[in-house]
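Residue strings, one per chain:
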Amino acid sequence: MAHVELSLSGAFVPQARTPAEAEFVTSVERWAGTVASAAEPCMVIDTGGMILAVSPSCSELLGLGKPAEAIGKRLATTLELIDFTAGAGPLEGPEADKIPPLLAVRSERLARGLMRVAAGAERPPLTVDAISTPLLSGERVAGSLTFLSPVNY
C-alpha cells in the first residue's frame, strides 16, 4: 500500500513589492519611444493634436525637418494640408479636423483616409494613406498612433 506524507513548514505569505518602472509609463509614452526610432513613417499625437513623436522617415516624408523640430508643434498647423482639387487649395477648418490622426482621437476609433500634403516648395504635392488608432491611458483616449504610406500614382 502506498504511503504519502505532507509536511507544511509555514503559511505562504506573498511579499509586498514595489511596482516596476514600466507600470508607471503610459501607453502614449511607450509608443512615443517606439515611434522615435521606428523605420516606418509613423507619428504619435496627443488629444490636443500636438506631435509627441515622429519617426525620421515620417519627418522626411512630410517635410517636417528634423524629428526633434516637429515635436511639440500642433499637427494641423505644422502640416500644410491641401485639398484634392486641381488647384490644391489649403484644407482648413472642419475638413482639416477630419484627417485620420485627429479623427482617431475625437471618435475614439480606428480611422483611415488619404491626406494630401504640400511637403515643401520644391516638391510636388504628396498623397499619403494614413491609418490611425487611438491610444488609451486607463479608460480615456490620450492620443493617437498613425502609420503613413505614400500613394504613388
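Here's a quick rundown of the structure.

The rules we used
Residues numbered from 1 in each chain as written. Predicted model: local features only at pLDDT ≥ 70, side-chain atom pairs only at ≥ 80, totals over all residues. Heavy atoms only, no water. Helix = DSSP H or I, 4+ residues; strand = E, 2+ residues; numbered from the N terminus. Buried < 20%, exposed > 50% of the residue type's maximum accessible area, 1.4 Å probe, protein only. Contact = heavy atoms within 4.5 Å. Salt bridge = Lys/Arg side-chain N within 4 Å of Asp/Glu carboxyl O. Pairing = 2+ DSSP bridges. Core = buried A, V, L, I, M, F, W, Y, C linked by side-chain atoms within 4.5 Å. Arc of directions from axis to C-beta.

Another aspect to go through is the environment of Leu-103. Following the sequence through the fold, Leu-103 ends up in helix α6 (residues 100–107). Looking at Leu-103, the relative accessible area reads 31%, which means it is partly exposed. The sequence separation of Leu-103 and Thr-133 amounts to 30 residues, and the corresponding C-alpha distance is 9.3 Å. Beyond its immediate sequence surroundings of up to four residues, Leu-103 is in contact with Asp-97, Lys-98, Glu-108 and Ala-111.

Per the counting criterion, the structure on display carries two salt bridges. Across the salt bridge formed by Glu-95 and Lys-98, the nearest N and O atoms sit 3.5 Å from each other. Across the salt bridge formed by Arg-112 and Asp-129, the nearest N and O atoms sit 2.5 Å from each other. Residue Arg-112 is located in strand β3 (residues 111–117), and its partner Asp-129 is located in strand β4 (residues 126–137); the two are separated by 17 residues in the primary sequence.

Relative to strand β2 (residues 51–54), strand β1 (residues 42–46) runs antiparallel, the two being bridged by three bridges. Paired with Ile-45 across the two strands is Ile-51, which belongs to β2. Counting the residues that bridge the hairpin from β1 to β2 gives four residues, and of these Gly-49 lies at a positive phi of roughly 85°.

This next bit is on α6. An α-helix turns once per 3.6 residues; consequently, residues spaced three or four apart project the same way. Along α6, the positions that sit buried rather than exposed are Pro-100, Pro-101, Leu-102, Ala-104 and Val-105. Residue Glu-108 follows α6 closely and has a positive phi angle near 60°.

Our focus in this paragraph is the nonpolar core. When a protein is soluble and globular, its nonpolar side chains tend to lie buried together. Core analysis: the largest hydrophobic core is formed by 23 residues, its most contacted members being Met-43, Leu-62, Leu-79 and Leu-148. When contributions to this core are tallied by element, the ones reaching two or more residues are β1, β2, α2 (56–62), α6, β3, β4 and β5 (140–150). One finds Val-28, Ala-32, Ala-38 and Val-44 within the second-largest nonpolar core, a separate group that totals nine residues.

Within the span of helix α1 (residues 27–36), buried status applies to Val-28, Ala-32 and Val-35. Down the axis, α1 shows its buried residues gathered within 70° of arc, on one side only. Where α1 is buried, its residues contact β1, β2, β4 and β5.

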